[in-house]
Amino acid sequence: MEQATQKAFNLDAVFNKRPLIISGPCSAETEEQLIQTATRLAATGKIDMLRAGIWKPRTRPGSFEGVGTKGLPWLQSAKKITGLPVTVEVATGKQVEDALHFGVDVLWIGARTTVNPFSVQEVADALRGVKVPVLIKNPINPDLELWVGAMERVANAGIEQIGLIHRGFSSYGNTEYRNAPMWHLAIEMKRRYPNTLMINDPSHICGRRDILLEVAQTAIDLDFDGLIVESHIDPDMAWSDAKQQITPEKMGEMVDSIRWRKEDVASEDYHANLEKLRQQINNLDDELMQILSQRMKVARNIGEYKKENNITILQTNRWNDILDRAFLKGEKLGLSKDFVTRYFDAVHMESISQQNKIMNQ
Ligand code: PEP
Ligand code: MN
């Protein structure tokens, strides 16, 4: 166990570094693959922590389920050679014990575990009395309370350093992403826990290499604290998640090409200008609310009229007309079809609910 204590780093400092950049293979496959990936990642000078899956929770049986405990000494060597801390996914109490026994510095709870309070509790129980940072991935399904619940279970076990990983959410019929980012959910978690580390996992959101940078940049623009990205010496030959992995050198290039923005700058001019623009936004929002309220008033009048004439609330043709008009107008005004659809859906639902009240009075 001597290696585990020879740390070339200060773990607290790494955990608090911004941006925090974690990278490594989806899975540890062989000692050589792991050490080579780690060495080449470290050589880029852009990585703060190494990741590797040792136990892989797979959606379908028959996929590669990880090398298991025998991979932990490889991770220990990777850490010794690179001087970087290491993190692995744990899903059971035994895995927590094994990982800690082999000097793993940071543990993470995977998306398939966060969904299950029994599993999270088992992991939390194994963490009692241990000082180790724990990263918690969002649950597979878009349910913030599960994510919060996992945080609470881990915190109740006495873990002080907790971080969150946004890896997107499973959604039916989604094609662009492997897991839809649903940024608003991650943003809501950031709002609720402003002091908790929140990093983005573009690899599992994208499921493919070509849009990794775009998603990573969005996360940084949204003031995320860092990234966890899968990297492999020979991505196409990876035993898991081959399509989304990138070489260590590509990883270094990606970190370089991200525009790292500051959330705040000190300049007074900047603040004064920003304040003016924010005031404009507030005024416009007030006007929008006024107009929406007027629109609802008209909708209620229509409701009265429909009631007198005994016709249904929803008339599909009329709704199609409204949407067609809105798409045309929206296009000219630079509003995306996606936004126009979501906006009109919301307005329409509210109109229906207000008309419903009138008609059932
Ligand atoms: C992983 O990080 O390799 C992994 C299994 O991720 P997730 O839990 O987000 O699916
Ligand atoms: Mn993976």
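Quick caveat: nothing in here was measured; it's all calculated off a predicted structure.

Q: How do you make sense of the site of ligand 1 when you look at a structure like this?
A: In the neighbourhood of ligand 1, the contacting residues comprise Cys26, Arg51, Lys56, Glu89, Trp108, Gly110, Ala111, Arg112, Lys137, Arg167, His204 and Glu230. In the model, an oxygen atom of ligand 1 is placed 2.8 Å from a nitrogen or oxygen of the Lys56 side chain. With respect to ligand 1, the side chain of Arg167 contributes an N or O atom lying 2.6 Å from an oxygen atom. Taken by itself ligand 1 offers 300 Å² of open surface, and the protein chains cover 97% of this. Within the shell around ligand 1, the residues separate by chemical class into 3 nonpolar, 2 polar and 7 charged.

Q: Honestly, the pairing of strand S5 (residues 134-137) in this entry has me stumped. Any pointers?
A: Within a regular strand, side chains alternate between the sheet's two faces. Residues Val134 and Ile136 line one face of S5 and the alternating positions Leu135 and Lys137 line the opposite face, and both faces are buried. As judged from the 3 bridges shared by strand S4 (residues 106-109) and S5, these two strands associate in the parallel manner. In the strand pairing of S5, Ile109 is matched with Ile136. Bridge count between S5 and strand S6 (residues 162-166): 4 bridges; the pairing is parallel.

Q: Would you explain the packing of aromatic side chains in this entry?
A: How two aromatic rings sit relative to each other is given by the distance of their centres and the angle of their planes. This model, assessed by the stated rule, comprises 4 aromatic pairs. Pairing Tyr343 with Phe344 gives two aromatic rings, centres 5.2 Å apart and planes at 90°, and the pair type is edge-to-face. Taken together, the ring pairs connect Phe339, Tyr343 and Phe344 into an aromatic cluster. In this arrangement the basic side chain of Lys190 is found over the ring face of Phe224, its NZ or CZ atom lying 5.6 Å from the centre. Cation over ring: Lys337 sits above Phe327, and NZ or CZ is 4.7 Å from the ring centre.

Q: Where do I start with the packing of helix H7 (residues 117-127) against helix H8 (residues 144-156) in this structure?
A: The axes of two packed helices give the description: the angle between them and the distance between them. Between H7 and H8, the shortest axis-to-axis distance is 9 Å and the interhelical angle comes to 20°. Considered as vectors, H7 and H8 are oriented roughly parallel to each other. For the crossing formed where H7 meets H8, the hand is right-handed. On H8, the residues touching Pro117, Val120, Gln121, Ala124 and Leu127 of H7 are Leu146, Ala150, Arg153 and Val154. Here the contact of H7 with H8 is composed, by residue class, of 7 nonpolar, 1 polar and 1 charged.

Q: Sorry if this is basic, but what is going on with the sheet that holds S6 here?
A: Pairing between sheet strands relies on hydrogen bonds along the backbone, with the strands arranged either parallel or antiparallel. Pairing is parallel in the closed barrel, where 8 strands are placed in the order S1-S2-S3-S4-S5-S6-S7-S8. Strand-to-strand twist in this sheet, taken as the mean axis angle between neighbours without regard to direction, amounts to 25°. In terms of strand pairing, strand S1 (residues 20-24) meets strand S2 (residues 49-51) through 2 bridges, oriented parallel. The residue of S2 that forms the bridge with Ile22 is Met49.

Q: How do you make sense of the side chain of His348 when you look at a structure like this?
A: Assignment of secondary structure puts His348 in helix H15 (residues 337-359). Discounting residues that sit within four places of it in the chain, His348 has contacts with Leu314 and Trp319.

Q: Can you walk me through unusual backbone geometry in this structure?
A: Peptide bonds are mostly trans, and most non-glycine residues show a negative phi. Cis geometry marks the peptide bond from Arg18 to Pro19; its omega dihedral reads -10°. Residue placement: Pro19 occurs in the loop between helix H2 (11-16) and S1. Notably, Met182 is not glycine yet its phi reads approximately 40°, a positive angle. Among the secondary structure elements, Met182 is positioned in the loop between S6 and helix H9 (183-192). Here Asp223, not a glycine, exhibits a phi torsion of approximately 70°, which is positive. Locating Asp223 in the fold gives a position in the loop between helix H11 (212-221) and strand S8 (226-230).

Rules behind the numbers
- Residues numbered from 1 in each chain as written.
- Chains lettered and ligands numbered in written order.
- Predicted model: local features only at pLDDT ≥ 70, side-chain atom pairs only at ≥ 80, totals over all residues.
- Heavy atoms only, no water.
- Near = heavy atom within 4 Å.
- Polar contact = N/O pair within 3.5 Å; in protein donor to acceptor, adjacent residues only side chain to side chain.
- Areas by Shrake-Rupley, 256 points an atom, 1.4 Å probe, with all protein chains shown as cover.
- Nonpolar A, V, L, I, M, F, W, Y, C, P; charged D, E, K, R; others polar.
- Buried < 20%, exposed > 50% of the residue type's maximum accessible area, 1.4 Å probe, protein only.
- Helix = DSSP H or I, 4+ residues; strand = E, 2+ residues; numbered from the N terminus.
- Pairing = 2+ DSSP bridges.
- Phe/Tyr/Trp six-rings, centres within 6.5 Å; stacked < 30°, edge-to-face > 60°.
- Lys NZ or Arg CZ within 6 Å of the ring centre and 35° of its normal.
- Axes fitted to C-alpha atoms, helices over the stretch in contact; angles between N-to-C directions.
- Parallel < 35°, antiparallel > 145°, perpendicular 65-115°, else oblique.
- Left-handed = near helix turned anticlockwise from the far one by under 90°.
- Contact = heavy atoms within 4.5 Å.

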